[in-house]
Number of protein chains: 2
Amino acid sequence: MLERRSETDGVVREIELHLRDLLDARSASGAAYGPHFDRLWRLGSECLLGGKLLRPRLLMGAFDALAREPGGDAARRPAALRIAAAVELLHFSFLLHDDVIDEDLLRRGAPNVIGRVIDASRAASGVEADDASDRALHWARSSGILLGDLMLSAAHQVFAREALSEAVRVRLLDLLDRTITESVAGEQYDVGLSDGVIPADLDTVLDMSRLKTATYTFELPLRASAVLAGSGSRVEQALGEVARHLGVAFQLQDDLLCAFGDSREHGKDAFSDFREGKETAIIAYARMTDAWPTLEPLLGAPDFTEEHGRAIRAALVQCGAEGFIGSMVDDRIRAAVEIASREATVIPGGLSRFLLRVVDSLEGRRA
Amino acid sequence: MLERRSETDGVVREIELHLRDLLDARSASGAAYGPHFDRLWRLGSECLLGGKLLRPRLLMGAFDALAREPGGDAARRPAALRIAAAVELLHFSFLLHDDVIDEDLLRRGAPNVIGRVIDASRAASGVEADDASDRALHWARSSGILLGDLMLSAAHQVFAREALSEAVRVRLLDLLDRTITESVAGEQYDVGLSDGVIPADLDTVLDMSRLKTATYTFELPLRASAVLAGSGSRVEQALGEVARHLGVAFQLQDDLLCAFGDSREHGKDAFSDFREGKETAIIAYARMTDAWPTLEPLLGAPDFTEEHGRAIRAALVQCGAEGFIGSMVDDRIRAAVEIASREATVIPGGLSRFLLRVVDSLEGRRA
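In this report, the structure presented in the accompanying data block is examined. As the structure is a computational prediction, the values presented were derived from the model and not from experiment.

The rules behind each value
Residues numbered from 1 in each chain as written. Chains lettered and ligands numbered in written order. Predicted model: local features only at pLDDT ≥ 70, side-chain atom pairs only at ≥ 80, totals over all residues. Heavy atoms only, no water. Helix = DSSP H or I, 4+ residues; strand = E, 2+ residues; numbered from the N terminus. Rg over C-alpha atoms; globule rule 2.2 N^0.38 Å. Buried < 20%, exposed > 50% of the residue type's maximum accessible area, 1.4 Å probe, protein only. Areas by Shrake-Rupley, 256 points an atom, 1.4 Å probe, with all protein chains shown as cover. Lys, Arg positive; Asp, Glu negative; His and termini not counted. Charge placed at Lys NZ, Arg CZ, Asp CG, Glu CD. Contact = heavy atoms within 4.5 Å. Buried area = accessible area lost by both parts, 1.4 Å probe. Salt bridge = Lys/Arg side-chain N within 4 Å of Asp/Glu carboxyl O. Polar contact = N/O pair within 3.5 Å; in protein donor to acceptor, adjacent residues only side chain to side chain. Least-squares fit on C-alpha atoms with pLDDT ≥ 70 in both. Core = buried A, V, L, I, M, F, W, Y, C linked by side-chain atoms within 4.5 Å. Phe/Tyr/Trp six-rings, centres within 6.5 Å; stacked < 30°, edge-to-face > 60°. Disulfide = S-S within 2.5 Å. Expected span 1.5 Å × (residues − 1). Axes fitted to C-alpha atoms, helices over the stretch in contact; angles between N-to-C directions. Parallel < 35°, antiparallel > 145°, perpendicular 65-115°, else oblique. Left-handed = near helix turned anticlockwise from the far one by under 90°.

Turning our attention to the overall build of chain A. Each helix and strand in chain A was counted, giving 16 helices and two strands. A compact globule built from 367 residues should have a C-alpha radius of gyration of about 21 Å, and chain A, at 21 Å, falls within 12% of that. Taken along its principal axes, the extent of the C-alpha atoms in chain A is 60 × 55 × 40 Å. A burial count over chain A gives 60% of its 367 residues as buried. Summed over its atoms, the accessible surface of chain A is roughly 14700 Å², and 50% of this surface lies on carbon and sulfur atoms. Mean positive and mean negative side-chain charge positions of chain A (43 and 58 charges, respectively) differ by 6 Å.

Below, the structure written as structure tokens:
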């Protein structure tokens, strides 16, 4: 989403530059700790820079719209770029620990950091590709935990070091703090649902999605843009509401794409959610329908095949789960559009136009 | 160590109070995220408050000595107490991720956080104590990762929020940053050594010990005390040197205690390092002696018994490993004493007396 059109190309390059600066500075000092540490940081940097930068682009798009307004603090743009880069570091640290917890070796079809550490161990020891020893796996997963800690700390350092007024710094720190707490709470829900510790109902799964993804993907960057641009707390609050709607829509779309989308486009393994028996909102809805007795044994079946996948898809359409979640996405997007376009007294025109472009790209989302 | 004599009792209570404040404030806001999140935070808080508070006590002992000097900034004492509490949060976050990585369920003979989450799951599901299902284990380890992230973030928040001058805040942030980087690098060495990715020689193992433990246990609290008390950079640097010597001595003592000490006193499983085949400095030394062919098959043997443990002990004494590492400890302590007592122009009398008390308690260490 937020496809790289010419207008945003410049911002993307600026964000990449700031990210590269942050990562390179740490790489230079980290080289003192030996080749393994150095290699891990470089590998992480490479994976991070290959991302779509959705969150920093949201922050900078909203910041630039707000800073152009009368009273907007355009002088804080360099700080905004650094905070935007820090938001990407935070995102990456969440991905790393998420992949450790989910025992994933792939992300978007390619080896993730853990997978790449394993590949490197294999290459170094000359062992065959399929023979991932327990030790190599342990080394790689531990690397994922440790690199996540480093990235999380690096994000904190950026927030802590900005030479902003006490009031602005504390507002940003509050935002960061709440974001991390919510994301961790959401991840805990996700783990609890998949481990059967927390019973799966639609409300719980929706809560989980909001906490785990929506807060840090939309609320943190959009609210931070208002704080940095010197906008009032009413703008920040309105942006927070837009962000919550878009964030939940984004996550539900992810679930729909993974279940019904074209895996060549979204880059995930086809049917991976079904194969893993993942608790998504779609599944939580289906659980309340007559289709459940048919679906339950197929989801996460030990002998899962493509045929199972197609049968699950058909049942989810048939029982109304696809339609229901699809209409939830539409509702959330409509609610966001209403706030973004109606409240002209609160959300200025430039910001409104930016938010509607974000909505457009969400609506046309295929990946 | 640093036994709770009457003089330090007051400080310990103050540190505990500040820690409790920090933890309770987060517990109050975290309750909004449901019972599982709430329970995890409370459980973590309880385990953390049961600790010996070695690091915050070092920080406050040195701070109080320095603040009493002419030019010492006694007004920063409340800030010092909060930073001291944050250092304990950082320590606890390292323990949590360390236990996940080492797959440990015990710490000092009692269930650690992961073990206690498993016990709670068992109690909730009514399953027998020995039947830790894969799911319960996954839930508990994931909880360890997530709680570690929360504690790490909480530590950062304290450092970031202190209303100190820009210069002092940046010095503390630099110190925090380097400490975390070194501790992660040390942990990575430790994992690499035990997974056989990094070859074990004495220098590497000593580097690992210094990075993984000495930096955050001694250097961070002692240097932070100088920064907070407004002492010059010469005091900070001298304290850094004392800290490195004491930190390595402390870690080597730990290795000696675990190998040769009384398990009823040090609280660890007798022979646990031998059973796990852990790469310590003692083992790295033995590797270079004639005893190695005898020792190698016994360390980490799948059928490990107490008899193996006793045979390893005897061989480590016989080959000189115990004596060599013991004399390294003595050397390090002597070097620390020299700096602490000789450099009266740099290290003032009160601080010197405090450091010599720390040395005393290290020398008499049984646990």
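This next bit is on the interface of chain B and chain A. In this assembly, 50 residues from chain B lie in contact with 50 residues from chain A. For the pair chain B and chain A, the two sides together bury roughly 4800 Å², of which 61% comes from carbon and sulfur. Area buried by chain B at its contact with chain A is led by Tyr-33, Trp-139 and Gln-188 of chain B, which between them contribute 15% of it. Viewed at the interface, chain A and chain B are joined by four salt bridges. Across the salt bridge formed by Arg-26 of chain A and Asp-177 of chain B, the nearest N and O atoms sit 3.0 Å from each other. Across the chain B-chain A interface, the total number found is 27 residue pairs in polar contact (both at pLDDT 80 or more). Those elements that place two or more of their residues in the side of chain B that touches chain A are helix H2 (35–49), helix H4 (77–102), helix H6 (134–161) and helix H7 (166–194) of chain B. Tallying contributions element by element places H7 of chain B first for the side of chain B that touches chain A, with 19 residues.

The subject of this paragraph is the relation of the copies chain B and chain A. The two chain copies are connected by a rotation around an axis plus a translation along it. Taken as rigid bodies, chain B and chain A are interconverted by a rotation of 180° and an axial shift of 0.0 Å, the fit giving an RMSD of 0.0 Å. Such a combination of rotation and displacement between the chain copies is what one expects of a two-fold axis. In terms of C-alpha distance to the rotation axis, chain B has Ala-160 of chain B as its closest residue, with the C-alpha 2.4 Å off the axis. An overlap of 100% is found between the interface residues of chain B and their copies at the interface of chain A, pointing to a shared contact surface.

Here we come to the nonpolar core. Core analysis: the largest hydrophobic core is formed by 262 residues, its most contacted members being Leu-316 and Leu-351 of chain A together with Leu-351 of chain B. If sequence neighbours within four positions are ignored, Leu-351 of chain B has contacts with Ala-62, Ala-65, Leu-66, Val-235 and Leu-239 of chain B.

Turning to the packing of aromatic side chains, a few remarks are in order. All chains considered together, the criterion is met by 10 aromatic pairs over all chains. Taking the centre distance of 5.6 Å and the plane angle of 80° together, the rings of Tyr-33 of chain A and Phe-37 of chain A count as edge-to-face. There is no split in this pair, since Tyr-33 of chain A and Phe-37 of chain A are both buried. With 4.9 Å between their ring centres and 75° between their planes, Phe-94 of chain B and Tyr-216 of chain B make a pair best called edge-to-face. Of this pair, Phe-94 of chain B sits in helix H4 while Tyr-216 of chain B sits in helix H8 (residues 202–228), and the two are 122 residues apart along the sequence.

We now examine the state of the cysteines. All names here are of chain B. Scanning the entire structure with this criterion turns up zero disulfides over all chains. With no disulfide of its own, Cys-319 has Cys-258 as its nearest cysteine by sulfur position, at a separation of 17 Å. When its relative accessible area of 16% is taken as the criterion, Cys-319 is described as buried.

All names here are of chain B. Of note, Glu-279 is situated in the loop between helix H11 (272–276) and helix H12 (281–286). Side chain to side chain, Glu-279 and Arg-287 meet in a polar contact 2.4 Å long. In this structure, Glu-279 is in contact with Leu-193, Ala-200, Val-205, Met-208 and Arg-287, ignoring residues within four places of it in sequence.

Given a rise of 1.5 Å per residue, 14 residues ought to cover 20 Å, and the 20 Å separating the end C-alpha atoms of helix H3 (residues 54–67) of chain B matches this to within 8%. For H3 of chain B, a buried count of 14 out of 14 residues is recorded, marking the element as mostly surrounded by other parts of the structure.

Turning to the pattern of salt bridges, a few remarks are in order. It is possible for side chains of opposite charge to pair when their charged atoms get near one another. All chains considered together, the criterion is met by 52 salt bridges over all chains. As a salt-bridge pair, Lys-212 of chain B and Glu-187 of chain B come within 3.3 Å of each other at their nearest N and O atoms. Highlighted residues: Lys-212 of chain B in helix H8 and Glu-187 of chain B in helix H7, separated in sequence by 25 residues. A residue is classified by how much of its surface remains accessible, and Glu-187 of chain B, at 7% relative accessible area, is buried. The closest approach of N and O atoms between Asp-207 of chain B and Arg-210 of chain B, which form a salt bridge, is 3.5 Å. Linking Asp-207 of chain B with Arg-210 of chain B, this pair stays in helix H8, spanning three residues, or about one helical turn. You can call Asp-207 of chain B partly exposed: its relative accessible area is 33%. Linked through salt bridges whose partners overlap, the residues forming this network are Arg-171, Arg-178, Glu-182, Glu-219, Arg-223, Glu-236 and Arg-244 of chain A.

Residues and elements named next belong to chain B. Running from amino to carboxyl end, H7 crosses H8 at an angle of 165°, the nearest separation of the two axes being 8 Å. When the interaxial angle is binned, H7 and H8 end up roughly antiparallel. As H7 runs across H8, the sense of the crossing is left-handed.

This part is about the side chain of Thr-204 of chain A. Within the secondary structure, Thr-204 of chain A is located in helix H8 (residues 202–228). Setting aside residues no more than four positions away along its own chain, Thr-204 of chain A makes contact with Tyr-189, Leu-193, Ile-198 and Pro-199 of chain A.

Here we come to the environment of Arg-26 of chain A. By the secondary structure assignment, Arg-26 of chain A is in helix H1 (residues 6–30). Each C-alpha atom, one on Arg-26 of chain A and one on Ser-183 of chain A, is 25 Å from the other, the two residues being 157 residues apart in sequence.

Assignment of secondary structure puts Gly-51 of chain A in the loop between helix H2 (35–49) and helix H3 (54–67). Taking C-alpha positions, Gly-51 of chain A is 27 Å from Ser-194 of chain A, a pair spaced 143 residues apart along the chain.

This paragraph deals with unusual backbone geometry. Residues and elements named next belong to chain B. One non-glycine residue, Leu-53, adopts positive backbone phi at about 60°. With respect to the helices, strands and loops of the structure, Leu-53 is situated in the loop between H2 and H3. One non-glycine residue, Glu-103, lies in positive phi territory at about 55°.

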